[in-house]
Amino acid sequence: MALVKCPACRNRMSSLAKVCPACGFSFDKEATIDPEQVKLFQKRQFRQRMYQLRMFSYVAMTIAMIGAIPMLWDYIKGVENAQPIELMSHWGVFAVALGFLMYLGIRAGMIWVRRNYRASLPKE
Ligand SMILES: [Zn+2]
């Protein structure tokens, strides 16, 4: 058994493996590795990762909304009753902060994924 580099993600893997354990690139169909196939695979994988990150960013925004809407609601109610609440002591602050931090992390992840993808493209 020898170690070879996956043509798609460059991870080391067993030469006996049919599928790369790191990225799922399949050697089954292509006995000889076609660079066009690898490029297509990387593009598909890049799109899939960006799509997943976008879905996570919607989850993060939803978490922030779950905090922001009751906060706003309680604030308006407080103003109507001439007893404005302290927004920073509202529980909603935690959900807003969590959602916002998640969103920032996801944006950073998107930048990282895009940079890695660009770096993997052949220089022309
Ligand atoms: Zn791989």
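Use the structure listed above.
J.: If you had to explain unusual backbone geometry to someone new, which residues and values would you point to?
T.: You will see that Arg10, though not glycine, has its phi angle at about 65 degrees, which is positive. Among the secondary structure elements, Arg10 is positioned in the loop between strand 1 (3–5) and strand 2 (12–14). Positive phi is not limited to glycine here, since Ala82 has a value of about 60 degrees. Position of Ala82 relative to the elements: it lies in the loop between helix 1 (35–80) and helix 2 (92–120). Residue classification places Ala82 among the exposed residues on the basis of 6 C-beta atoms within 10 Å.

J.: Could you give me a rundown of the environment of Leu101, with the residues and numbers involved?
T.: As for its placement among the helices and strands, Leu101 is situated in helix 2. We classify Leu101 as partly exposed; it has 13 C-beta atoms within 10 Å.

J.: Tell me about helix 1, and name the residues and values.
T.: Relative to the 68 Å expected for 46 residues at 1.5 Å per residue, helix 1 spans 66 Å between its end C-alpha atoms, a close match to the ideal helical length. Here helix 1 has its buried residues at Phe41, Ile63, Ala64 and Gly67. Looking at the buried residues of helix 1, the elements they touch are helix 2. Positive phi appears at Ala82, one or two residues downstream of helix 1, with a value of about 60 degrees.

J.: Describe the nonpolar core, listing the residues and the values that go with them.
T.: Burial of nonpolar side chains together is a common tendency in soluble globular proteins. One finds Cys6, Ala8, Cys20, Phe25 and Phe41 forming the largest nonpolar core, which totals five residues. Those residues in contact with Ala8 that lie beyond four places of it in its chain are Cys20, Cys23, Phe25, Val38, Phe41 and Gln42.

About the cut-offs
Residues numbered from 1 in each chain as written. Predicted model: local features only at pLDDT ≥ 70, side-chain atom pairs only at ≥ 80, totals over all residues. Helix = DSSP H or I, 4+ residues; strand = E, 2+ residues; numbered from the N terminus. Buried ≥ 20, exposed ≤ 12 C-beta atoms within 10 Å, placed from the backbone. Expected span 1.5 Å × (residues − 1). Contact = placed C-beta atoms within 7 Å. Core = buried A, V, L, I, M, F, W, Y, C linked by C-beta atoms within 7 Å.

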